[in-house]
Amino acid sequence: MDKSARKEIAFALKKSKSGFSVQDIVDKFHLTEERLDVKVQYYSWEIWRLSAAIGYALGKKIFCFPSLDTARVIDIVRSTAFYIYVEKLRREGCILLLPSSNREILESLADEIIELNNPRFRDLSRFHEIVSSYKEGNIWYQWAVDD
(Lines give C-alpha, C1' and ligand atoms only; values in the text may rest on other atoms or scores of the structure.)
Protein backbone atom coordinates (compact mmCIF):
# COMPACT_ATOMS: atom_id res chain seq x y z
CA MET A 1 0.00 0.00 0.00
CA ASP A 2 1.59 3.14 -1.22
CA LYS A 3 -0.92 5.54 0.36
CA SER A 4 -1.09 6.98 3.84
CA ALA A 5 -3.45 5.50 6.41
CA ARG A 6 -5.69 8.55 6.12
CA LYS A 7 -5.93 8.16 2.32
CA GLU A 8 -6.62 4.42 2.58
CA ILE A 9 -9.44 5.00 5.06
CA ALA A 10 -10.87 7.86 2.97
CA PHE A 11 -10.75 5.68 -0.15
CA ALA A 12 -12.46 2.81 1.69
CA LEU A 13 -15.22 5.11 2.94
CA LYS A 14 -15.76 6.56 -0.53
CA LYS A 15 -15.86 3.11 -2.10
CA SER A 16 -18.37 1.79 0.43
CA LYS A 17 -20.43 4.99 0.33
CA SER A 18 -20.39 4.89 4.12
CA GLY A 19 -21.82 7.66 6.25
CA PHE A 20 -18.76 7.54 8.50
CA SER A 21 -15.97 10.09 8.35
CA VAL A 22 -12.27 9.34 8.52
CA GLN A 23 -12.33 10.76 12.05
CA ASP A 24 -15.16 8.37 13.03
CA ILE A 25 -13.02 5.40 11.96
CA VAL A 26 -9.91 6.81 13.66
CA ASP A 27 -11.86 7.25 16.89
CA LYS A 28 -13.55 3.84 16.73
CA PHE A 29 -10.23 2.00 16.28
CA HIS A 30 -8.13 4.37 18.41
CA LEU A 31 -5.65 4.99 15.64
CA THR A 32 -2.74 7.29 16.38
CA GLU A 33 -3.48 10.74 14.94
CA GLU A 34 0.21 11.49 14.40
CA ARG A 35 0.61 8.42 12.19
CA LEU A 36 -2.37 8.95 9.89
CA ASP A 37 -0.21 10.53 7.20
CA VAL A 38 2.41 7.78 7.34
CA LYS A 39 2.34 5.28 4.46
CA VAL A 40 0.63 2.06 5.45
CA GLN A 41 3.69 0.01 4.49
CA TYR A 42 5.58 1.61 7.39
CA TYR A 43 3.10 0.65 10.11
CA SER A 44 4.24 -1.94 12.62
CA TRP A 45 2.13 -3.04 15.61
CA GLU A 46 -0.72 -0.70 14.76
CA ILE A 47 -1.17 -2.39 11.36
CA TRP A 48 -3.61 -4.89 12.93
CA ARG A 49 -5.93 -2.11 14.08
CA LEU A 50 -5.44 -0.16 10.87
CA SER A 51 -6.23 -3.22 8.78
CA ALA A 52 -9.43 -3.82 10.75
CA ALA A 53 -10.30 -0.11 10.45
CA ILE A 54 -9.87 -0.12 6.66
CA GLY A 55 -11.93 -3.30 6.37
CA TYR A 56 -14.62 -1.78 8.57
CA ALA A 57 -14.60 1.40 6.48
CA LEU A 58 -15.12 -0.78 3.40
CA GLY A 59 -18.16 -2.33 5.06
CA LYS A 60 -16.56 -5.77 5.35
CA LYS A 61 -18.15 -8.31 7.64
CA ILE A 62 -15.47 -11.01 7.47
CA PHE A 63 -11.94 -10.29 8.68
CA CYS A 64 -9.12 -12.80 8.23
CA PHE A 65 -5.79 -12.43 9.95
CA PRO A 66 -2.54 -14.19 9.08
CA SER A 67 -1.35 -17.33 10.76
CA LEU A 68 1.48 -16.37 13.08
CA ASP A 69 3.41 -18.22 15.72
CA THR A 70 1.87 -18.20 19.18
CA ALA A 71 4.37 -15.81 20.77
CA ARG A 72 3.80 -13.23 18.02
CA VAL A 73 0.01 -13.44 18.38
CA ILE A 74 0.30 -12.95 22.15
CA ASP A 75 2.59 -9.93 21.65
CA ILE A 76 0.22 -8.35 19.13
CA VAL A 77 -2.88 -8.93 21.22
CA ARG A 78 -1.20 -7.59 24.35
CA SER A 79 0.70 -4.70 22.77
CA THR A 80 -2.13 -3.38 20.61
CA ALA A 81 -5.14 -4.19 22.80
CA PHE A 82 -6.39 -5.98 19.70
CA TYR A 83 -8.90 -7.97 21.76
CA ILE A 84 -10.89 -4.75 22.25
CA TYR A 85 -11.36 -4.41 18.49
CA VAL A 86 -12.15 -8.10 18.13
CA GLU A 87 -14.97 -7.56 20.61
CA LYS A 88 -16.19 -4.37 18.88
CA LEU A 89 -16.34 -6.09 15.50
CA ARG A 90 -17.98 -9.17 16.98
CA ARG A 91 -20.70 -7.03 18.58
CA GLU A 92 -21.46 -5.60 15.14
CA GLY A 93 -21.98 -9.07 13.69
CA CYS A 94 -18.60 -9.44 12.01
CA ILE A 95 -16.78 -12.73 11.64
CA LEU A 96 -13.09 -12.83 12.48
CA LEU A 97 -10.83 -15.66 11.35
CA LEU A 98 -7.70 -15.95 13.47
CA PRO A 99 -5.64 -19.05 12.73
CA SER A 100 -3.56 -20.37 15.60
CA SER A 101 -2.14 -23.67 16.75
CA ASN A 102 -2.69 -22.59 20.36
CA ARG A 103 -6.20 -23.46 21.52
CA GLU A 104 -5.82 -21.41 24.72
CA ILE A 105 -5.38 -18.18 22.75
CA LEU A 106 -8.40 -18.95 20.64
CA GLU A 107 -10.56 -19.83 23.66
CA SER A 108 -9.96 -16.38 25.12
CA LEU A 109 -10.90 -14.58 21.88
CA ALA A 110 -13.31 -16.81 19.98
CA ASP A 111 -16.98 -17.64 20.09
CA GLU A 112 -16.30 -20.80 18.17
CA ILE A 113 -13.19 -22.80 17.35
CA ILE A 114 -13.03 -24.82 14.16
CA GLU A 115 -10.37 -27.48 14.13
CA LEU A 116 -8.95 -28.36 10.76
CA ASN A 117 -8.33 -32.05 10.58
CA ASN A 118 -6.79 -32.28 7.16
CA PRO A 119 -4.85 -35.50 6.47
CA ARG A 120 -2.50 -33.39 4.39
CA PHE A 121 -1.08 -31.99 7.63
CA ARG A 122 -1.01 -35.21 9.65
CA ASP A 123 1.29 -37.47 7.67
CA LEU A 124 4.60 -35.75 7.10
CA SER A 125 6.51 -38.91 6.19
CA ARG A 126 6.65 -37.90 2.50
CA PHE A 127 8.01 -34.49 3.49
CA HIS A 128 10.75 -36.10 5.60
CA GLU A 129 11.52 -38.50 2.73
CA ILE A 130 11.95 -35.62 0.26
CA VAL A 131 14.22 -33.68 2.62
CA SER A 132 16.29 -36.79 3.35
CA SER A 133 16.79 -37.49 -0.36
CA TYR A 134 18.01 -33.92 -0.89
CA LYS A 135 20.40 -34.20 2.03
CA GLU A 136 21.81 -37.48 0.71
CA GLY A 137 22.59 -36.53 -2.86
CA ASN A 138 21.28 -33.29 -4.18
CA ILE A 139 24.12 -30.93 -5.03
CA TRP A 140 21.92 -27.83 -4.83
CA TYR A 141 20.86 -28.70 -1.29
CA GLN A 142 24.46 -29.22 -0.17
CA TRP A 143 25.53 -25.96 -1.76
CA ALA A 144 22.67 -24.04 -0.06
CA VAL A 145 23.37 -25.57 3.34
CA ASP A 146 27.15 -25.07 3.15
CA ASP A 147 26.81 -21.31 2.64
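Above this text you will find the structure in question.
The structure reproduced in this document is the subject of the present report. Remember, it's a predicted structure, so these values are computed and weren't measured experimentally. (Residues numbered from 1 in each chain as written. Predicted model: local features only at pLDDT ≥ 70, side-chain atom pairs only at ≥ 80, totals over all residues. Heavy atoms only, no water.)

Comments concerning the overall build of the chain
From N to C terminus, the chain includes nine helices and two strands. Sequence-ordered secondary structure for the chain, helices as α and strands as β, is α-α-α-β-α-α-β-α-α-α-α. When the 147 residues of the chain are sorted by exposure, 27% land in the buried category. (Helix = DSSP H or I, 4+ residues; strand = E, 2+ residues; numbered from the N terminus. Buried < 20%, exposed > 50% of the residue type's maximum accessible area, 1.4 Å probe, protein only.)

Considering the nonpolar core
Ranked by size, the top nonpolar core spans 33 residues in total, and within it Ile9, Ile25, Phe29, Leu31, Leu50 and Leu89 carry the most contacts. No other element matches helix α3 (residues 47-57), which puts seven residues into this core. Beyond its immediate chain neighbours, meaning those up to four positions away, leucine 31 contacts Ile9, Val26, Leu36, Glu46, Arg49, Leu50 and Ala53. (Core = buried A, V, L, I, M, F, W, Y, C linked by side-chain atoms within 4.5 Å. Contact = heavy atoms within 4.5 Å.)

Topic: the side chain of serine 4
Mapped onto the fold, serine 4 is located in the segment before α1 (5-16). Separated by 3.1 Å, the side chain of serine 4 and the backbone nitrogen of lysine 7 make a polar contact. (Polar contact = N/O pair within 3.5 Å; in protein donor to acceptor, adjacent residues only side chain to side chain.)

Looking at the pattern of salt bridges
Applying the stated criterion across every chain, the model contains eight salt bridges. A salt bridge links lysine 28 to glutamate 92, with the nearest nitrogen and oxygen atoms 2.6 Å apart. Taken as a pair, lysine 28 in helix α2 (residues 22-28) and glutamate 92 in the loop between α5 (82-91) and β2 (95-97) lie far apart in primary sequence, 64 residues in all. By relative accessible area, which is 22% here, lysine 28 ends up partly exposed. Its salt-bridge partner being arginine 90, residue glutamate 87 comes within 2.7 Å of it at the nearest N-O pair. One end of the pair, glutamate 87, and the other, arginine 90, are both in helix α5, three residues apart, so they sit about a helical turn from each other. Exposure remark for glutamate 87: the relative accessible area of 30% places this residue in the partly exposed category. The partly exposed category is assigned to arginine 90, whose relative accessible area is 22%. Shared partners join several salt bridges into a network, and the residues in it are Glu87, Arg90, Arg91 and Asp111. (Salt bridge = Lys/Arg side-chain N within 4 Å of Asp/Glu carboxyl O.)

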